[in-house]
Amino acid sequence: MLIVQKFGGSSVADTAKLRRVAGIIADAKNAGNDVIVVLSAQGDTTDDLIAKAHEISPEPTRRDLDMLMVTGEQISISLCAMALQEMGVPAISLLGWQVRLRTSSDYGSARIRSLDTERIRQELDQGKVVLVAGFQGVNRRGDMTTLGRGGSDTTAVAIAAKMHADLCQIYTDVEGVYTADPRLVPTAKKLKEITYDEMLELASMGAQVLHNRSVELAKRYGVPMEVLSSYVRKPGTIVKEVTKGMEETKISGIARDDKIARIALVGLKDEPGIAYKVFRVLAREKINVDLILQSIGRGNTKDISFTIPKSELEHAGKALSAEQDAIGFEHINVTDKICKLSVVGAGMINRPGVASLMFEALAAAQVNIHMISTSEIKISVLIDQEAADVAMRAVHKKFFEE
Ligand code: ADP
Ligand code: ASP
Ligand code: MG
């Protein structure tokens, strides 16, 4: 078999953990498999590098920030290669440019364009474990880019897809994908399997266990994925196209996203073209808008509120305020003390009443809902951040513990 194994930052945080990871890799190799390994930076290295950059400059250029961040993964793969060699397992470490992992030019959020598998293939043919640095690539000019936080998962799936691997294993610090983040909801249950669509929705709604783009890629290329623990050797959660008993499952999980902010524009004119004027500004600034709520007109004014990534709040506030007269609103209201809570499940579409159950749980927990949004396989609500822990447990209890 050809297996791609990816190990996250906490799994390679120190020497002892790196050795344990090397043991897992060696076992897969010694069992007769071809093994490609993708590693993240050790522990909090990426956060520490970003903090260091900000000590020097409040707004470092994105290019230099990427140049700095890519060093984290280089440390992991070289150390792990040494650990494997110490165990008598031939191994080679390769950076993004060495496997010609080409990306778009967007520093900090680059998208993978192509990957040349020749070098990887050659090294595998010589019997080596190939260790590739996650999260990084090169753009057209040959400059280093990064794929966005948590992007090593996507590196692993891209390599698995291009190499036609039999399995892409994502090793992490929990035993698989759970019905909710097990750190926030101790009663969360591990899922045996989950569909790509449900996993994509969970990841996009804030479940950081997988980078959402990795799930998108896995679905597109039909790469079977397994999420499992690097601490305990147990089967994890399989992510695939169709799961058994799909029609019976109402809900597969609950996700929470704290990295969002809400902007309200109050006192807009109640006339055609206003929403366009507002969102045109955000589109021009390349700011992603998620939930949108427009109030019913009062007199001849109305309000529009919407959510955006927390990291864009300052930028969006400035851009909108600069256009206040052109858009025509009375004032702007912003907060980042909010959170989006979502329930996700493919079976939802044929089961009325899921929304009502969610709202019942939130009402009983005295949680106020600010916005609601639904799709075929998810329901999201916007709530105050201080209510998030209570809300998450209450909703989990309703769907999984009653
Ligand atoms: P890694 O460093 O291995 O990439 P991450 O921190 O990115 O690990 O992802 C693992 C974390 O994802 C877990 O520690 C857990 O707190 C969180 N998580 C959020 N939602 C879920 C979920 N539904 N199932 C499992 N873990 C989840
Ligand atoms: N080291 C990078 C990060 O912390 C990539 C990853 O871990 O997936 O975001
Ligand atoms: Mg991760």
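Anyway, here's the lowdown on the structure attached to this text. This is a predicted model, so every value here is computed, not measured.

Observations regarding the packing of helix α1 (residues 15-30) against helix α3 (residues 62-86)
In the contact formed by α1 and α3, the axes pass within 9 Å of each other and the chain directions differ by 65 degrees. Here α1 and α3 pass one another in a crossing that is right-handed. Two secondary-structure elements touch here, α1 through L18, A22, I25 and A26 and α3 through S76, L79, C80, A83 and L84. The residue inventory of the contact of α1 with α3, partitioned by class, reads eight nonpolar, one polar and no charged.

Considering the site of ligand 1
The immediate surroundings of ligand 1 are formed by 18 residues, with T172, D173, Y178, D181 and R183 found nearest. Here D173 contributes a side-chain N or O atom positioned 2.9 Å from an oxygen atom of ligand 1. Between ligand 1 and Q208, the relevant distance is 3.3 Å, taken from an oxygen atom to a side-chain nitrogen or oxygen of the residue. In the complex, the protein chains occlude 88% of the 580 Å² of accessible area that ligand 1 would expose alone. Taken together, the residues of the shell around ligand 1 sort by class into eight nonpolar, six polar and four charged.

Some details on the sheet that holds strand β11 (residues 225-229)
The sheet built from eight strands is open, its strands ordered β3-β6-β2-β1-β9-β11-β12-β10 with mixed pairing. Sheet topology places β3 (91-94) and β10 (193-195) at the edges, where each strand pairs with a single neighbour. Recorded for the sheet is a direction-independent mean angle of 20 degrees between the axes of neighbouring strands. Pairing between β11 and strand β12 (residues 237-240): three bridges, direction antiparallel. Considered in β12, the bridge of M225 is made with V239.

A closer look at the pairing of strand β18 (residues 338-344)
Within β18, seven of the seven residues are buried, leaving the element largely enclosed by the surrounding structure. Burial along β18 is two-sided: the residues I338, K340, S342 and V344 and C339, L341 and V343 are all buried. Sheet analysis places strand β13 (residues 253-257) next to β18, joined by five bridges and oriented antiparallel. When the bridges of β18 are listed, G253 appears paired with V344. Of the pairings in the sheet, the one linking β18 to strand β20 (residues 378-384) comprises seven bridges and is antiparallel in character. By the bridge assignment for β20, V343 is matched with I379.

Section: the site of ligand 2
Close to ligand 2 lie S40, A41, T46, E73, F135, R149, G150, G151 and S152. A distance of 2.8 Å separates a nitrogen atom of ligand 2 from a polar atom in the side chain of T46. Its residues assigned to classes, the shell around ligand 2 comprises two nonpolar, five polar and two charged.

Section: the environment of A16
The residue A16 is located in helix α1 in this model. Given a relative accessible area of 56%, A16 falls into the exposed group. Taking the C-alpha atoms as reference, A16 lies 47 Å from L282; in sequence the two are 266 residues apart.

Cut-off values and rules
- Residues numbered from 1 in each chain as written.
- Chains lettered and ligands numbered in written order.
- Predicted model: local features only at pLDDT ≥ 70, side-chain atom pairs only at ≥ 80, totals over all residues.
- Heavy atoms only, no water.
- Axes fitted to C-alpha atoms, helices over the stretch in contact; angles between N-to-C directions.
- Helix = DSSP H or I, 4+ residues; strand = E, 2+ residues; numbered from the N terminus.
- Left-handed = near helix turned anticlockwise from the far one by under 90°.
- Contact = heavy atoms within 4.5 Å.
- Nonpolar A, V, L, I, M, F, W, Y, C, P; charged D, E, K, R; others polar.
- Near = heavy atom within 4 Å.
- Polar contact = N/O pair within 3.5 Å; in protein donor to acceptor, adjacent residues only side chain to side chain.
- Areas by Shrake-Rupley, 256 points an atom, 1.4 Å probe, with all protein chains shown as cover.
- Pairing = 2+ DSSP bridges.
- Buried < 20%, exposed > 50% of the residue type's maximum accessible area, 1.4 Å probe, protein only.

In short, geometric facts, not functional conclusions.
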